Amino acid sequence: MTTTPPSKPAPTPAPSVQISGGAGAEAPGPARARDERVSPVSLAHRLLVRPELGSLIGAVLVMVFFSVVADGFFTAAGAATWLDDSATLGIMAVAVALLMIGGEFDLSAGVMTASTALITAMLATRAGWSVWPALAVSLLFALAVGALNGWLVVRTGLPSFIITLGTFLALQGLNLGVTRHVTNSVQVSGMRATDGYESAGRFFASTMAVAGTEIQVSVLWWLLLAALATWVLARTRFGNWIYAVGGAPVSARNVGVPVDRTKIVLFMTTAAAGWLVGSINILRYTSVQANQGIGLEFQYIIAAVIGGCLLTGGYGSAIGAALGALIFGMARQGIVYAKWNSDWFQLFLGVMLLAAVLVNNSFRRRAERSRR
């Protein structure tokens, strides 16, 4: 008996390989639909959705306006003046902007600049400490208060407006009470005669020559912190967390973002910026008033809002906050150069704030439409 071998299955034809991109070659088969996610985006569109665009336009307009109406405004000496005015405000505005993007406020930021300066001055002038250890202690105090603010906000669920308002009042009373008890006045002075003043002063409150004009080193601190904050927001995981906890905290927590820790770090950052500004002020002016800094917290928030931050959180930029502070400084010094009554500054500030809110809201809606 013969056995017929089983027939082999017919070979499966090899799949055709489509090659595209070759010179003169056409890919067989239907054309692939274009993926809208990789479609080119124009430069104009990318600029229009940036939160700092409005503050950039505003800064240019303010500069041009005061250059026309005020003699000496747009000179090297004039620029040094309004940059100096903007610097310490800008340092705080950048930190406050990060906190606002994270969805929170810190009303104790202004008083913190006085509290840390008072601690440094009292330890150096009354206790006989060197300036550097005194600065370290005041920094630890600032970080502790910032951590306490953040912890209370995340643990209680109360609005940061209420928590930091309480901190503001407590620090204000502490500043006045302790200063009066130690010095029998509301002022601490005499920093120039303390140990370590010269080296600390060179680091925090010296001047540098730029194009033959003396510029305060606080301007350099401002630019460095604005650049660092911009890098953090744009290039780091922590920057993504800041936007996430400010824009959608519940969703952020659900995907593993450490919401509580991020908020606490942001409050500590704002407090550390207050320490830096307080250190610059005490080493530059060598004295500090116990009621110094009251009301400045609103200026920091205004500068951040002018720079593109929304009060609802989740939107803004560090560069915009720096530009908002620049607008603030140019307007204040421009009015002086124009020899106008300083009362006009409040009108200008109110108009700028309202305009910034409207423009920022418009840019935010445009950015949201572009992501759909």
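The coordinates are above.
Residues numbered from 1 in each chain as written. Predicted model: local features only at pLDDT ≥ 70, side-chain atom pairs only at ≥ 80, totals over all residues. Heavy atoms only, no water.

1. Comments concerning the environment of Leu-276
Relative to the elements of secondary structure, Leu-276 occurs in helix α11 (residues 259-285). Looking at Leu-276, the relative accessible area reads 6%, which means it is buried. A sequence separation of 138 residues divides Leu-276 from Ser-138, and the C-alpha atoms of the two residues are 9.9 Å apart. (Helix = DSSP H or I, 4+ residues; strand = E, 2+ residues; numbered from the N terminus. Buried < 20%, exposed > 50% of the residue type's maximum accessible area, 1.4 Å probe, protein only.)

2. Here we look at the packing of helix α8 (residues 217-235) against helix α13 (residues 318-337)
Running from N to C, α8 and α13 cross one another at 150 degrees; their axes reach a closest spacing of 8 Å. By the criterion of interaxial angle, the relationship of α8 to α13 is roughly antiparallel. Together, Trp-222, Ala-226, Ala-229, Thr-230 and Leu-233 of α8 and Ala-318, Ile-319, Ala-322, Ala-325 and Leu-326 of α13 make up the contact between the two elements. A per-class count over the contact of α8 with α13 returns nine nonpolar, one polar and no charged. (Axes fitted to C-alpha atoms, helices over the stretch in contact; angles between N-to-C directions. Parallel < 35°, antiparallel > 145°, perpendicular 65-115°, else oblique. Contact = heavy atoms within 4.5 Å. Nonpolar A, V, L, I, M, F, W, Y, C, P; charged D, E, K, R; others polar.)

3. Some details on the pattern of salt bridges
As enumerated under the stated definition, the model contains four salt bridges in all. Of the charged contacts in the structure, one is a salt bridge between Arg-284 and Asp-84, with a shortest N-O distance of 2.9 Å. One end of the pair, Arg-284, is in helix α11; the other, Asp-84, is in helix α3 (residues 76-101), with 200 residues separating them in the sequence. With its nearest N and O atoms 3.4 Å apart, the salt bridge here joins Arg-253 to Asp-260. (Salt bridge = Lys/Arg side-chain N within 4 Å of Asp/Glu carboxyl O.)

4. Things to note about a nonpolar patch on the surface
Together, Leu-56, Val-60, Val-64, Phe-65, Val-68, Val-69, Trp-340, Trp-344, Leu-347 and Val-351 make up an exposed nonpolar region whose accessible area comes to about 960 Å². Of all the elements in the fold, those that place two or more residues in the nonpolar patch are α2 (53-69) and α14 (344-371). At six residues, the largest contribution of residues to the nonpolar patch is made by α2. Residue position: Val-351 is located in helix α14. (Patch = residues over 30% accessible without salt bridge, like charges linked within 9 Å, V, L, I, M, F, W, Y side chains within 5 Å. Areas by Shrake-Rupley, 256 points an atom, 1.4 Å probe, with all protein chains shown as cover.)

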